[in-house]
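In case you want the letters, here they are:
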Amino acid sequence: MIKITDHAARALAFVLSQYDDSPRLRKLVEIVGDQIQVLEDVAWDVLSKRLLTNAVGVILDRYGKIVQLDRLDSTDDEYRSLLGVAIAANVSHGHPDTMAAVAAGCVGVPVRYIYDGPMNVDLEYETDSPMGAGHAARAADLITRSASGGVSWRLTEGSDIGEAFRYDVGPGYDVGKLGSIIGSEGN
(Lines give C-alpha, C1' and ligand atoms only; values in the text may rest on other atoms or scores of the structure.)
Protein backbone atom coordinates (compact mmCIF):
# COMPACT_ATOMS: atom_id res chain seq x y z
CA MET A 1 0.00 0.00 0.00
CA ILE A 2 1.15 3.47 -0.80
CA LYS A 3 -0.02 6.58 0.99
CA ILE A 4 -1.33 9.27 -1.35
CA THR A 5 -0.34 12.72 -0.16
CA ASP A 6 -1.76 14.93 -2.94
CA HIS A 7 -5.49 14.18 -3.36
CA ALA A 8 -6.39 17.79 -4.14
CA ALA A 9 -3.81 18.06 -6.95
CA ARG A 10 -4.86 14.70 -8.37
CA ALA A 11 -8.52 15.69 -8.32
CA LEU A 12 -7.75 18.99 -10.08
CA ALA A 13 -5.81 17.09 -12.75
CA PHE A 14 -9.01 15.17 -13.61
CA VAL A 15 -11.09 18.32 -14.16
CA LEU A 16 -11.87 18.60 -17.87
CA SER A 17 -10.11 21.40 -19.73
CA GLN A 18 -13.44 22.98 -20.69
CA TYR A 19 -13.76 23.96 -17.00
CA ASP A 20 -10.35 25.68 -16.79
CA ASP A 21 -12.08 29.06 -16.61
CA SER A 22 -14.45 27.99 -13.80
CA PRO A 23 -12.79 29.05 -10.52
CA ARG A 24 -15.78 27.97 -8.40
CA LEU A 25 -15.73 24.42 -9.75
CA ARG A 26 -11.94 24.21 -9.38
CA LYS A 27 -12.21 25.49 -5.79
CA LEU A 28 -14.96 22.96 -4.99
CA VAL A 29 -12.82 20.11 -6.39
CA GLU A 30 -9.83 21.35 -4.37
CA ILE A 31 -11.90 21.49 -1.13
CA VAL A 32 -13.23 17.96 -1.67
CA GLY A 33 -9.68 16.75 -2.43
CA ASP A 34 -8.42 18.34 0.79
CA GLN A 35 -11.17 16.61 2.81
CA ILE A 36 -10.32 13.26 1.22
CA GLN A 37 -6.68 13.93 2.13
CA VAL A 38 -7.65 14.41 5.78
CA LEU A 39 -9.53 11.09 5.72
CA GLU A 40 -6.57 9.28 4.16
CA ASP A 41 -4.12 10.78 6.67
CA VAL A 42 -6.26 9.63 9.62
CA ALA A 43 -6.81 6.15 8.14
CA TRP A 44 -3.10 5.78 7.42
CA ASP A 45 -2.23 6.88 10.97
CA VAL A 46 -4.65 4.36 12.52
CA LEU A 47 -3.40 1.57 10.25
CA SER A 48 0.29 2.22 10.85
CA LYS A 49 -0.09 2.43 14.64
CA ARG A 50 -1.77 -0.98 14.69
CA LEU A 51 1.08 -2.73 12.91
CA LEU A 52 3.16 -4.88 15.25
CA THR A 53 6.33 -2.97 14.38
CA ASN A 54 4.78 0.32 15.57
CA ALA A 55 2.33 -0.85 18.23
CA VAL A 56 2.62 0.26 21.86
CA GLY A 57 0.75 -0.29 25.12
CA VAL A 58 -2.76 -1.65 24.80
CA ILE A 59 -2.31 -2.53 21.12
CA LEU A 60 0.62 -4.79 22.05
CA ASP A 61 -1.50 -6.36 24.80
CA ARG A 62 -4.17 -7.15 22.20
CA TYR A 63 -1.55 -8.84 20.02
CA GLY A 64 -0.52 -10.79 23.12
CA LYS A 65 -4.07 -12.06 23.58
CA ILE A 66 -4.19 -13.16 19.94
CA VAL A 67 -0.92 -15.14 20.13
CA GLN A 68 -1.52 -16.16 23.78
CA LEU A 69 1.55 -14.51 25.30
CA ASP A 70 1.54 -12.79 28.70
CA ARG A 71 3.44 -9.52 29.01
CA LEU A 72 4.79 -10.20 32.53
CA ASP A 73 7.18 -7.30 33.33
CA SER A 74 8.33 -6.68 29.74
CA THR A 75 8.71 -3.19 28.32
CA ASP A 76 6.98 -2.39 25.03
CA ASP A 77 10.17 -3.05 23.02
CA GLU A 78 10.84 -6.37 24.79
CA TYR A 79 7.23 -7.46 24.45
CA ARG A 80 7.12 -6.51 20.75
CA SER A 81 10.18 -8.69 20.18
CA LEU A 82 8.67 -11.57 22.17
CA LEU A 83 5.44 -11.30 20.17
CA GLY A 84 7.50 -11.84 17.03
CA VAL A 85 9.05 -14.89 18.69
CA ALA A 86 5.59 -16.20 19.64
CA ILE A 87 4.37 -15.79 16.07
CA ALA A 88 7.44 -17.67 14.81
CA ALA A 89 6.78 -20.43 17.36
CA ASN A 90 3.13 -20.70 16.33
CA VAL A 91 3.98 -21.17 12.63
CA SER A 92 7.05 -23.34 13.23
CA HIS A 93 7.37 -26.76 11.67
CA GLY A 94 9.48 -28.07 14.55
CA HIS A 95 12.94 -27.76 13.01
CA PRO A 96 15.70 -27.67 15.67
CA ASP A 97 17.15 -24.42 14.31
CA THR A 98 13.70 -22.80 14.61
CA MET A 99 13.40 -24.11 18.16
CA ALA A 100 16.85 -22.64 18.94
CA ALA A 101 15.82 -19.30 17.39
CA VAL A 102 12.64 -19.24 19.49
CA ALA A 103 14.67 -20.07 22.62
CA ALA A 104 17.20 -17.34 21.75
CA GLY A 105 14.37 -14.84 21.36
CA CYS A 106 13.15 -15.77 24.83
CA VAL A 107 16.49 -15.69 26.65
CA GLY A 108 18.12 -12.85 24.72
CA VAL A 109 21.41 -14.64 23.98
CA PRO A 110 22.46 -17.16 21.32
CA VAL A 111 21.24 -20.72 21.89
CA ARG A 112 22.98 -23.77 20.48
CA TYR A 113 21.27 -27.08 19.98
CA ILE A 114 22.23 -30.72 19.89
CA TYR A 115 19.95 -32.68 17.62
CA ASP A 116 19.90 -36.03 19.33
CA GLY A 117 17.95 -37.99 16.73
CA PRO A 118 14.56 -37.21 15.24
CA MET A 119 12.79 -37.11 18.58
CA ASN A 120 15.07 -35.15 20.96
CA VAL A 121 16.57 -31.65 20.91
CA ASP A 122 18.85 -30.31 23.65
CA LEU A 123 19.01 -26.49 23.72
CA GLU A 124 21.80 -24.77 25.66
CA TYR A 125 22.84 -21.20 26.39
CA GLU A 126 25.11 -19.32 28.78
CA THR A 127 24.32 -16.22 30.76
CA ASP A 128 25.45 -14.20 33.74
CA SER A 129 21.93 -13.48 34.91
CA PRO A 130 19.68 -16.49 35.50
CA MET A 131 16.13 -16.41 34.15
CA GLY A 132 13.25 -15.85 36.56
CA ALA A 133 10.47 -18.40 37.01
CA GLY A 134 7.82 -16.48 35.03
CA HIS A 135 10.16 -15.94 32.10
CA ALA A 136 11.27 -19.58 32.23
CA ALA A 137 7.65 -20.76 32.05
CA ARG A 138 7.02 -18.43 29.08
CA ALA A 139 10.16 -19.70 27.31
CA ALA A 140 9.09 -23.31 27.93
CA ASP A 141 5.63 -22.61 26.51
CA LEU A 142 7.03 -20.98 23.35
CA ILE A 143 9.58 -23.73 22.76
CA THR A 144 6.83 -26.34 23.19
CA ARG A 145 4.75 -24.50 20.58
CA SER A 146 7.70 -24.53 18.16
CA ALA A 147 8.41 -28.26 18.59
CA SER A 148 6.75 -30.89 16.43
CA GLY A 149 4.40 -33.31 18.12
CA GLY A 150 6.27 -36.07 19.88
CA VAL A 151 9.62 -34.26 19.91
CA SER A 152 11.14 -33.96 23.36
CA TRP A 153 13.34 -31.01 24.24
CA ARG A 154 15.33 -29.61 27.16
CA LEU A 155 16.55 -26.02 27.67
CA THR A 156 19.66 -25.79 29.84
CA GLU A 157 21.08 -22.54 31.21
CA GLY A 158 24.82 -22.46 31.88
CA SER A 159 26.20 -19.85 34.23
CA ASP A 160 29.56 -18.57 35.43
CA ILE A 161 28.06 -17.59 38.78
CA GLY A 162 29.90 -20.32 40.64
CA GLU A 163 32.23 -23.18 40.01
CA ALA A 164 30.88 -26.67 39.54
CA PHE A 165 32.62 -29.97 39.09
CA ARG A 166 31.99 -32.04 36.01
CA TYR A 167 33.39 -35.13 34.39
CA ASP A 168 35.34 -34.90 31.17
CA VAL A 169 37.09 -37.39 28.92
CA GLY A 170 40.25 -37.40 31.03
CA PRO A 171 40.73 -38.66 34.58
CA GLY A 172 39.36 -36.68 37.50
CA TYR A 173 37.18 -33.60 37.69
CA ASP A 174 37.49 -30.29 35.90
CA VAL A 175 36.02 -26.94 36.82
CA GLY A 176 32.96 -26.32 34.66
CA LYS A 177 29.85 -24.24 34.46
CA LEU A 178 26.93 -24.45 36.83
CA GLY A 179 23.91 -25.52 34.80
CA SER A 180 20.23 -25.70 35.45
CA ILE A 181 17.36 -27.02 33.37
CA ILE A 182 15.02 -24.16 32.57
CA GLY A 183 12.34 -26.26 30.95
CA SER A 184 11.74 -29.54 29.20
CA GLU A 185 9.04 -31.62 27.64
CA GLY A 186 9.06 -35.32 27.06
CA ASN A 187 12.42 -35.97 28.74
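Residues numbered from 1 in each chain as written. Predicted model: local features only at pLDDT ≥ 70, side-chain atom pairs only at ≥ 80, totals over all residues. Heavy atoms only, no water.

### With respect to unusual backbone geometry
Point 1. For Q68, which is not glycine, the phi dihedral falls at a positive 60°.
Point 2. A positive phi angle, close to 55°, is found at L72, a residue other than glycine.
Point 3. Examined against the element boundaries, L72 turns out to sit in the loop between α3 (58-67) and α4 (76-90).
Point 4. Exposure remark for L72: the relative accessible area of 44% places this residue in the partly exposed category. (Helix = DSSP H or I, 4+ residues; strand = E, 2+ residues; numbered from the N terminus. Buried < 20%, exposed > 50% of the residue type's maximum accessible area, 1.4 Å probe, protein only.)

### Let's talk about the nonpolar core
Point 1. By size, the foremost hydrophobic cluster in this structure holds 33 residues, and its most contacted members are L69, L123, L142, I143 and L155.
Point 2. Those residues within four positions of L69 in sequence are excluded, and the remaining contacts are G64, Y79, L82, L83, A86, R138, L142 and R145. (Core = buried A, V, L, I, M, F, W, Y, C linked by side-chain atoms within 4.5 Å. Contact = heavy atoms within 4.5 Å.)

### Let's talk about the side chain of R71
Point 1. When you line up the elements, R71 lands in the loop between α3 and α4.
Point 2. At 3.3 Å, the side chain of R71 and the backbone oxygen of G57 are in polar contact.
Point 3. Ignoring anything within four residues of it in the chain, the contact list for R71 reads G57, L60, D61, D76, Y79 and R138. (Polar contact = N/O pair within 3.5 Å; in protein donor to acceptor, adjacent residues only side chain to side chain.)

### Observations regarding the pattern of salt bridges
Here the idea is simple: oppositely charged side chains can pair when their charged atoms come close.
Point 1. One pass over the structure, following the stated rule, counts 11 salt bridges.
Point 2. Linking R10 and D6 is a salt bridge whose minimum nitrogen-to-oxygen distance equals 2.9 Å.
Point 3. For R10, a relative accessible area of 43% puts it in the partly exposed group.
Point 4. Look at D6 and you get partly exposed, because its relative accessible area is 34%. (Salt bridge = Lys/Arg side-chain N within 4 Å of Asp/Glu carboxyl O.)

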